[in-house]
Amino acid sequence: MTALTLNLNSVIKLTREQFYQLCEENPDLKLERNAKGELIIMPPTGGETGKTNSTINAQIWFWNDQNQLCEVFDSSTGFTLPNGADRSPDVSWVEKSRWNALTKEQKEKFIPLCSDFVIEILSPNDSLKKTQMKMQEYIENGCRLGWLINRKKQEVEIYRPGQDVEVLKFPETISGENVLPGFVLKIQQIW
């Protein structure tokens, strides 16, 4: 099953609060919203994608437990980007100073900023083109480093502000560069 896009703009333009309430009242649905206000209904992931997501999230969490540089989030966390889109990357983190600057209410709802780092894992039914566009959207909204992991092709696309996308084929590890200093993802564990 692929993601479905629902355009309700001719009927209703949901405010940020209304979209949040819609998500709260429908917890069995994973919803995102693009910058045009269209709702994107995301299907649940399959076992391999979920396992990959957990493996990567665990590696980042353990690295952060040692370094205490950020807050790590899973795929259930919503972020309201500066362009108005509401997204939930598969794995993400926000630098501690940015997280600590948020109010308690902002931390409880969709986080009103773009993550410093995001990972999207291409599921078998995901559109590569749409996921690449989502990665560009993260970068355009302030993300400092993003990885698009394509398990089927065993490739990783690396997104950085102001640079062309770098494609790594069959990498064994990926460096967190200066955004996640000292972090190295052992990617051979997920192929």
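Quick note: structure is the one above.
Just so it is clear, the structure is predicted and the values come from calculations on it, not from any experiment.

Examining the nonpolar core
Line of reasoning, step 1. Grouped together as the largest cluster of nonpolar side chains are 22 residues, with contacts concentrated most on Ile56, Ile60, Phe117, Ile119 and Trp147.
Line of reasoning, step 2. Of all elements in the fold, only α2 (47-67), β4 (70-73), β7 (91-95), β8 (117-121), β9 (145-150) and β10 (155-159) reach the threshold of two or more residues within this core.
Line of reasoning, step 3. Here isoleucine 60 is in contact with Val72, Val91, Trp93, Phe117, Ile119 and Phe183, once residues within four sequence places are set aside.
Line of reasoning, step 4. Among the nonpolar cores identified, the runner-up in size contains 18 residues, and Trp99, Ile111, Leu148 and Tyr159 belong to it.

A closer look at the pairing of strand β2 (residues 30-33)
Line of reasoning, step 1. Of the pairings in the sheet, the one linking β2 to strand β3 (residues 39-42) comprises 4 bridges and is antiparallel in character. Looking at the pairing, leucine 31 lines up with isoleucine 41 of β3.
Line of reasoning, step 2. In sequence, β2 turns back onto β3 through a hairpin of 5 residues, with glycine 37 there showing a positive phi of about 90 degrees.

A few points about the environment of glutamine 189
Line of reasoning, step 1. Examined against the element boundaries, glutamine 189 turns out to sit in the segment after β13 (184-186).
Line of reasoning, step 2. Residues glutamine 189 and threonine 52, 137 residues apart in the sequence, show an inter-C-alpha distance of 8.6 Å.
Line of reasoning, step 3. Excluding anything up to four places from it in sequence, glutamine 189 contacts Thr55 and Gln59.

Some words on the packing of aromatic side chains
Line of reasoning, step 1. For the structure on display, the rule yields 9 aromatic pairs.
Line of reasoning, step 2. A ring pair is formed by tryptophan 61 and phenylalanine 62, whose centres lie 5.2 Å apart and whose planes are at 85 degrees; its orientation type is edge-to-face.
Line of reasoning, step 3. Classification of tryptophan 61 as partly exposed rests on a relative accessible area of 45%.
Line of reasoning, step 4. Its relative accessible area of 53% is what places phenylalanine 62 among the exposed residues.
Line of reasoning, step 5. Consider the rings of tryptophan 147 and phenylalanine 183, whose centres lie 6.4 Å apart with planes at 20 degrees: the pair is stacked. Of this pair, tryptophan 147 sits in strand β9 while phenylalanine 183 sits in the loop between β12 (173-175) and β13, placing them 36 residues apart in sequence.
Line of reasoning, step 6. With a relative accessible area of 0%, tryptophan 147 lands in the buried category.
Line of reasoning, step 7. Each residue in the set Trp63, Trp93, Phe117, Trp147 and Phe183 is aromatic and connected to the rest through ring pairs, giving one cluster.

A few points about the side chain of serine 88
Line of reasoning, step 1. Within the secondary structure, serine 88 is located in the loop between β6 (86-87) and β7.
Line of reasoning, step 2. According to the relative accessible area criterion, serine 88 is buried, its value standing at 7%.
Line of reasoning, step 3. Ignoring anything within four residues of it in the chain, the contact list for serine 88 reads Lys30, Glu32, Ser75, Thr77, Gly78, Glu120 and Tyr138.

Regarding the pattern of salt bridges
Pairing between side chains of opposite charge can happen when the charged atoms of each approach one another.
Line of reasoning, step 1. Enumeration over the complete set of coordinates arrives at 15 salt bridges.
Line of reasoning, step 2. Between glutamate 95 and arginine 144 there is a salt bridge, with its nearest N and O atoms 3.3 Å apart. Taken together, the positions of glutamate 95 in strand β7 and arginine 144 in the loop between α5 (128-140) and β9 put the pair 49 residues apart, joining distant regions of the chain.
Line of reasoning, step 3. For glutamate 95, a relative accessible area of 28% gives the class partly exposed.
Line of reasoning, step 4. Here arginine 160 makes a salt bridge to glutamate 177, at a shortest N to O gap of 2.6 Å. Here arginine 160, found in the loop between β10 and β11 (166-169), pairs with glutamate 177, found in the loop between β12 and β13; they are 17 residues apart in sequence, far enough to count as distant.
Line of reasoning, step 5. Classification of arginine 160 by relative accessible area gives buried; the value is 14%.
Line of reasoning, step 6. Overlapping salt bridges bring together Glu32, Arg87, Glu120, Lys134 and Glu137 as one network.

Basis of the calculations
- Residues numbered from 1 in each chain as written.
- Predicted model: local features only at pLDDT ≥ 70, side-chain atom pairs only at ≥ 80, totals over all residues.
- Heavy atoms only, no water.
- Core = buried A, V, L, I, M, F, W, Y, C linked by side-chain atoms within 4.5 Å.
- Buried < 20%, exposed > 50% of the residue type's maximum accessible area, 1.4 Å probe, protein only.
- Helix = DSSP H or I, 4+ residues; strand = E, 2+ residues; numbered from the N terminus.
- Contact = heavy atoms within 4.5 Å.
- Pairing = 2+ DSSP bridges.
- Phe/Tyr/Trp six-rings, centres within 6.5 Å; stacked < 30°, edge-to-face > 60°.
- Salt bridge = Lys/Arg side-chain N within 4 Å of Asp/Glu carboxyl O.

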